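# Structure assessment
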Amino acid sequence: MLSNYIDLEKGILENYTENVIRRASDMLNFYQDNEALEKMIKNGNPTIYEVYAVTHEGGGELSYAITILHPGKVGNEYFMTKGHYHEKRDRGELYIGLKGNGLLLMQKGEEIRWIEMERGKIVYVPPYFAHRSINTGNGNFVFLAIYPGDAGHDYGSIAEKGFAKIVIEENGNYAVKDNPRWK
Ligand code: PAN
Ligand code: ZN
């Protein structure tokens, strides 16, 4: 049987088992500027990001996914993923930058970290850290994520409170600011 593989040049999974498309309408209440988001939904409801994953549920297995995060902003806040904890909190993850420029935001309790992502950059997301990706560039930001098959995804608490920081555009650059809705 032919084995599954990822072509890093193409940045695409040939034989993915799951595909998720998140449009503006899937991101209600995730951004500060809901009015800007609603306008965007009426004006064609663009895709914010796409995920192509090969998933294996088993404990000793690995799942892996390519995310294509489109460029854009809602108000002054860059397009981003929803962000999540792993359902099994003690499961870590590895992120590998493939294309474009972004930030990886990680948070555990009050501890918050972020790191710039680009092609060839490999970043470990330790267990217990919620994580979100943000596209701070002008083109697609593409990355590969590898995680334990039994990690699971818990979106609830991030959907409710967000992260302690938001990432906005300021004078042509990205700026990491306190989230006014945090707490
Ligand atoms: C990634 C993410 C992917 C989409 O594969 O699931 O980038 O982000 P959300 O899941 O937050 O919408 C990962 O971290 N998997 O565990
Ligand atoms: Zn994850």
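Because the structure is predicted, anything quoted here is derived from the model rather than measured.

About the criteria used
Residues numbered from 1 in each chain as written. Chains lettered and ligands numbered in written order. Predicted model: local features only at pLDDT ≥ 70, side-chain atom pairs only at ≥ 80, totals over all residues. Heavy atoms only, no water. Helix = DSSP H or I, 4+ residues; strand = E, 2+ residues; numbered from the N terminus. Rg over C-alpha atoms; globule rule 2.2 N^0.38 Å. Buried < 20%, exposed > 50% of the residue type's maximum accessible area, 1.4 Å probe, protein only. Contact = heavy atoms within 4.5 Å. Areas by Shrake-Rupley, 256 points an atom, 1.4 Å probe, with all protein chains shown as cover. Pairing = 2+ DSSP bridges. Axes fitted to C-alpha atoms, helices over the stretch in contact; angles between N-to-C directions. Donors = N, O, S within 2.8 Å, 3.2 Å for Na, K, Ca; no water. Tetrahedral: all angles 85-135°; square planar, octahedral: opposite > 155°, others 65-115°. Phe/Tyr/Trp six-rings, centres within 6.5 Å; stacked < 30°, edge-to-face > 60°. Lys NZ or Arg CZ within 6 Å of the ring centre and 35° of its normal.

## Some remarks on the overall build of the chain
Along the backbone of the chain there are two helices and 17 strands. What you see for the chain is a C-alpha radius of gyration of 16 Å, in line with the 16 Å of a compact globule of 183 residues. Over its C-alpha atoms, taken along the principal directions, the chain stretches across nearly 50 × 35 × 30 Å. Relative to its 183 residues, the chain shows a buried fraction of 45%. Of all intrachain contacts in the chain linking residues separated by at least 6 positions in sequence, the fraction that spans at least 24 positions is 66%. A total accessible area of about 9,500 Å² is found for the chain, and carbon and sulfur atoms account for 48% of it.

## Some points on the sheet that holds strand S13 (residues 130–135)
Spatial ordering of the open sheet is given by S11-S10-S13, a layout of three strands whose pairing is antiparallel. Edge positions in the sheet fall to strand S11 (111–117) and S13, since each has one partner strand and no second. Between one strand axis and the next, the sheet turns by 20° as a mean value, whatever way the strands run. Direction of pairing for strand S10 (residues 102–108) relative to S13: antiparallel, over a ladder of six bridges.

## Points about the coordination of the zinc ion (ligand 2)
Here the zinc ion (ligand 2) is held by His-84 (NE2), His-86 (NE2), Glu-93 (OE) and His-131 (NE2), and the distances to it run 2.1 to 2.3 Å. Of note is the zinc ion (ligand 2), whose six donor atoms meet at the metal with angles of 74 to 175° in an arrangement that counts as octahedral. All donor residues of the zinc ion (ligand 2) come from one chain, and their arrangement in sequence is H-x1-H-x6-E-x37-H. For the pair shown, His-86 and Glu-93 are each scored as buried.

## Some words on the packing of aromatic side chains
Scanning all chains against the criterion turns up three aromatic pairs. Plain terms: the ring middles of Phe-141 and Phe-143 are 5.2 Å apart, the flat faces sit at 40° to each other, and that makes the pair tilted. You can call Phe-143 buried: its relative accessible area is 2%. One aromatic cluster is present, built from ring pairs that chain together Tyr-95, Phe-141 and Phe-143. We note Lys-161 situated over the ring of Trp-182; from NZ or CZ to the ring centre the distance is 4.4 Å.

## Here's the deal with the pairing of S11
Pairing geometry for S10 and S11, over seven bridges, is antiparallel. Looking across to S11, one finds that Leu-104 is bridged to Ile-115.

## A look at unusual backbone geometry
Most of the time, phi is negative for any residue but glycine, and the peptide bond is trans. At Asn-29, a residue that is not glycine, the phi angle is positive and equals roughly 75°. With respect to the secondary-structure elements, Asn-29 resides in the loop between strand S3 (18–23) and helix H1 (34–42). One non-glycine residue, Asn-171, lies in positive phi territory at about 50°. Structurally, the position occupied by Asn-171 is in the loop between strand S16 (165–170) and strand S17 (173–178).

## Structural notes on the sheet that holds strand S12 (residues 122–125)
What links the strands of a sheet is backbone hydrogen bonding, and the strands pair in either a parallel or an antiparallel sense. Spatially, S3-S4-S5-S14-S9-S12 is the arrangement adopted by the six strands of the open sheet, whose pairing is antiparallel. The open sheet has two edge strands with one neighbour each: S3 and S12. Taking the axes of each pair of neighbouring strands and ignoring which way they run, one obtains an average angle of 20° across the sheet. Across eight bridges, strand S5 (residues 62–69) lies against strand S14 (residues 141–148) in antiparallel orientation. Residue pairing in the sheet places Ile-68 in a bridge with Val-142 of S14.

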